[in-house]
Amino acid sequence: MQATLSALAEPNRRQIVELLRRKPRAVGEIVDRLGLRQPQVSKHLRVLSDAGLVEARPVAQQRIYSLRAQPLKELDDWLKPYRRTWETRLDQLDEVLRDLKRQDKGKKDVHDK
Amino acid sequence: MTSSATTKVSLPSDTEILITREFDAPRDLVFKAMTDPNLIPRWWGPRNQTTTVDKMDVRPGGRWRFVMGAPDGTTSGFRGEYREVVAPERIVQTFEWEPMAGHISVETATLTERDGRTLLTVRSKFSSKEERDGMVASGMEAGLRETHDRFSELLAELRAGK
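Structural notes, computed from the coordinates. Just so you know, these numbers come straight off a predicted model, no measurement behind them.

To continue, consider the sheet that holds strand S1 (residues 8-10) of chain B. Residue and element names in this part refer to chain B. A sheet is described by the order of its strands in space; here eight strands give the open sequence S1-S2-S8-S7-S6-S5-S4-S3, paired in antiparallel fashion. A strand with exactly one partner marks an edge of an open sheet, and here the two such strands are S1 and strand S3 (50-56). The average undirected angle you get between the axes of adjacent strands in this sheet is 20 degrees. Here strand S5 (residues 75-86) pairs with strand S6 (residues 90-97) via six bridges, running antiparallel. Across the sheet, valine 85 pairs through a bridge with isoleucine 91, a residue of S6. Across the sheet, helix H1 (residues 27-35) is in contact with strand S2 (16-23), S6, strand S7 (105-114) and strand S8 (117-125); its angle to S7 comes to roughly 155 degrees.

All names here are of chain A. Running from N to C, helix H2 (residues 11-22) and helix H4 (residues 38-50) point in directions that differ by 75 degrees, and their axes come no closer than 10 Å. On the basis of their axis angle, the class for H2 and H4 is roughly perpendicular. In contact with Asn12, Arg13 and Ile16 of H2, H4 contributes His44, Leu45, Val47 and Leu48. In terms of residue class, the contact of H2 with H4 is made up of four nonpolar, two polar and one charged.

Bringing the environment of A:Leu53 into the picture now. Mapped onto the secondary structure, A:Leu53 falls in the loop between H4 and strand S2 (54-59). Considering only alpha carbons, one finds A:Leu53 and A:Leu5, 48 residues apart in sequence, at a separation of 10 Å.

Bringing the nonpolar core into the picture now. Among soluble globular proteins, nonpolar side chains are generally buried collectively. Judged by nonpolar contacts, the single largest core of 21 residues is most densely connected at A:Leu97, B:Val30 and B:Ala33. Residue assignment for this core shows that the elements contributing at least two residues are helix H5 (69-112) of chain A together with S2, H1 and helix H3 (129-137) of chain B. When residues of this core are assigned to their parent elements, the largest contribution, six residues, is made by H5(A). Sequence-distant contacts of B:Val30, that is, excluding residues within four places in its chain, are made with A:Leu97, B:Phe23, B:Ala25, B:Leu111, B:Thr118 and B:Leu120. Grouped together as the second largest cluster of nonpolar side chains are eleven residues, A:Ala7, A:Leu8, A:Leu48 and A:Leu53 included.

Let's shift gears to the interface of chain B and chain A. Opposite the 28 residues of chain B that make contact, chain A presents 23 residues. At the level of elements, S2, H1, helix H2 (40-43), H3 and helix H4 (142-159) of chain B are the ones that each hand at least two residues to the side of chain B that touches chain A. Counting residues per element, the side of chain B that touches chain A draws most heavily on H4(B), at four residues. Among the residues making up the side of chain B that touches chain A, the classes are represented as 17 nonpolar, five polar and six charged.

This part takes up the pairing of S3(B). Residue and element names in this part refer to chain B. Sheet analysis places S3 next to strand S4 (residues 63-69), joined by six bridges and oriented antiparallel. Bridging from a neighbouring strand, threonine 51 pairs with methionine 68 of S4. Connecting S3 to the antiparallel partner S4 that follows it, the hairpin turn spans six residues, and glycine 61 within it adopts a positive phi of roughly 90 degrees.

Rules used in this analysis
- Residues numbered from 1 in each chain as written.
- Chains lettered and ligands numbered in written order.
- Predicted model: local features only at pLDDT ≥ 70, side-chain atom pairs only at ≥ 80, totals over all residues.
- Pairing = 2+ DSSP bridges.
- Helix = DSSP H or I, 4+ residues; strand = E, 2+ residues; numbered from the N terminus.
- Axes fitted to C-alpha atoms, helices over the stretch in contact; angles between N-to-C directions.
- Contact = placed C-beta atoms within 7 Å.
- Parallel < 35°, antiparallel > 145°, perpendicular 65-115°, else oblique.
- Nonpolar A, V, L, I, M, F, W, Y, C, P; charged D, E, K, R; others polar.
- Core = buried A, V, L, I, M, F, W, Y, C linked by C-beta atoms within 7 Å.
- Buried ≥ 20, exposed ≤ 12 C-beta atoms within 10 Å, placed from the backbone.

In short, the description is geometric, and any link to function would need to be established separately.
Below you can see the structure in the form of structure tokens.
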């Protein structure tokens, strides 16, 4: 968990994860998209790989990187109670807003008559 | 009633948490619901607890304090200070859970309206990654308490030999 969070604490690495979320990509493609130098990208990929967030497989002369679901799933599980607290709070706020809208409409209707 | 709207939680940096949610209401109304002390008890706390507004002085430098009461009678205080109040678009306030006094985060709530709908974003900024992670891990206390309640219920059921 901490390895996942540390790896994702760096903005460029989060961008790499975002890129790989859409599809697996070769290192060259990541370099082009991020506008970073190849050694930097390789370093970030190594950190992500050590944290188990990405894996590489060789295809022809290239290494294709893809995301591994497990650490992201763990991250999601870790966030779940916190998210649930906000979900409950904002669902209830939504209910209050519905009531306020109904009251506003009621007032307006009376006013219109 | 279940809502189809989704609450998104993300970690935009290592010291922040970002929450977003869209409401089918104009932002004046959302702002009112967020700043009216009479409405806070209806939405701020978990469903199985009561929320009492002890203090809520919505203006820069004003203090707020809410007390949550659990079914078992225990209470828990949350407090902070309003730093910025710009109706109906922004509220910046500090957030502190009293049993963990001194661990203060800063919450910036931003309301943007489009076609009569309002997007609420709440950005919580912590003084360090450890503080942020601690907050998430606690489930913001309330979530933890709900989990704890369920755990206690389960234990009671087991004891009763169900």
